[in-house]
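Coordinate analysis (summary)
Chain by chain, the residues:
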Amino acid sequence: MDTILVTGSAGFIGSSLSIKLVHKGFRVIGVDNLNSYYSVSLKKDRLKEIIKSTKFNKGKYEGFNFSIENINELEKLFTKYKPKFVVNLAAQAGVRYSLIDPHQYVQSNLVGFHNIIYLSKKYDVRNFIYASSSSVYGGNTNMPFNESQSVDHPVSFYAATKKCNEVIAHSYSHIYDLPTTGLRFFTVYGPWGRPDMAPMIFTKAILSGDEINIFNNGEMMRDFTYIDDVVDGIVGCVYKSAESSDNFNRDKPDPSISFAKHKIFNVGNGNPIKLMKFIELLELSIGKSAKKIFKPMQTGDVIATSANINKLSDWIGYEPKINLTEGIGKFVKWYKEYVRI
Ligand SMILES: NC(=O)c1ccc[n+]([C@@H]2O[C@H](COP(=O)([O-])OP(=O)(O)OC[C@H]3O[C@@H](n4cnc5c(N)ncnc54)[C@H](O)[C@@H]3O)[C@@H](O)[C@H]2O)c1
């Protein structure tokens, strides 16, 4: 049974990923500090779902509650479990909050990130996979975004930390021959989602008859990506890195292929839609209209995101399966059941 360390395992993406990995027969070692950036009870409920999943599958899950800034606790896990793969999802997420409390981003996204990559190198993990973000494309207007575009102009501090992660990972791959894979997620949505993101904020407000704020007067576009497709993308990278010979050749480092050991991929849906269309689909699914308040653009936000997903498709055969109507339906069904409205 292969062991995989997943940080941020009580998070939106981390919990769904952990369930999938348990299902696939991995021994998952989860780390999360259960911080109160949003509902701690939602994080605990996600952890319960992971534990439930271990009852019906051959994989295992063991969870630990501490911060990835704590390198001593982290090292104990590396020593004890010797994970073959690491997926680092723990981070302070959220573009807008990074304007309010940048220190938190420095701690989790930079200090914590470096602890994990440092230990991944020290304990020879097969691949260090980590969450980057579509926000690294900043104000790029050349759509769809592809991985060879310049990402030197972040427009939020959150994006700046994600860009730093990519640069640090590149240096580790180059210096130490550590295989690293950065995944630029595009607006992930679905069951067990994040209360600070638009799908949950809008659904809650529509159901309770409250107003919703629509920034930049609705002139926004997002490449909404369903959670199961994102998880399939991550799992595909785990399997691919297990089989790729170019990924793990630390005995004979070849400087000419060191770039190949640091890979970056967009993980999107490849089908961006206007925010107003997204709200319309939500209204249809909920069966109720939103009370819309139009507001100007907010600092840190980008007007549009759109993913070119060819690179990941070529590497692992990534192919998003859930379209927006279906995905929104699944999300609204989950929300109503979970919140019991
Ligand atoms: N959800 C998206 O649309 C999206 C888009 C782009 C990138 N990402 C990135 O993907 C990753 C996962 O995102 P998510 O939506 O699941 O976010 P999330 O906030 O739901 O999950 C992150 C988890 O990490 C934990 N955490 C935060 N800081 C920690 C620390 N210092 N030590 C230990 N645990 C810590 C939190 O408690 C949380 O449970 C993040 O790195 C995020 O920046 C997400």
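Coordinates for the structure precede this section.
Let me begin by describing the structure that accompanies this report. (Residues numbered from 1 in each chain as written. Predicted model: local features only at pLDDT ≥ 70, side-chain atom pairs only at ≥ 80, totals over all residues. Heavy atoms only, no water.)

**Some details on the site of the ligand**
Around the ligand, the structure places 30 residues, and the nearest of them are D32, Y38, E69, Y158 and V188. One nitrogen or oxygen atom from the main chain of V188 is found 2.8 Å from an oxygen atom belonging to the ligand. Interatomic distance of 2.9 Å between a side-chain N/O atom of R194 and an oxygen atom of the ligand. Relative to its unbound accessible area of 810 Å², the ligand is 97% covered by the protein chains. Elements that contribute at least two residues to the shell around the ligand include exactly α1 (12-23), β5 (127-133) and α6 (157-176). Residue contributions to the shell around the ligand peak at three residues, all from β5. When grouped by side-chain class, the residues that make up the shell around the ligand number 16 nonpolar, nine polar and five charged. (Near = heavy atom within 4 Å. Polar contact = N/O pair within 3.5 Å; in protein donor to acceptor, adjacent residues only side chain to side chain. Areas by Shrake-Rupley, 256 points an atom, 1.4 Å probe, with all protein chains shown as cover. Helix = DSSP H or I, 4+ residues; strand = E, 2+ residues; numbered from the N terminus. Nonpolar A, V, L, I, M, F, W, Y, C, P; charged D, E, K, R; others polar.)

**Brief notes about helix α3 (residues 71-81)**
Owing to its 3.6 residues per turn, the α-helix brings residues three or four apart onto one side. Residues of α3 that are buried include every one of L74, L77, F78 and Y81, and no others. When α3 is viewed along its axis, its buried side chains cluster within an angular range of 95° and face the same direction. Facing away from the buried side of α3, by more than 90 degrees, are the exposed residues N72, K76 and K80. Buried residues belonging to α3 abut β1 (3-7), β2 (27-31), β3 (60-64), β4 (85-88) and α5 (102-122). (Buried < 20%, exposed > 50% of the residue type's maximum accessible area, 1.4 Å probe, protein only. Arc of directions from axis to C-beta. Contact = heavy atoms within 4.5 Å.)

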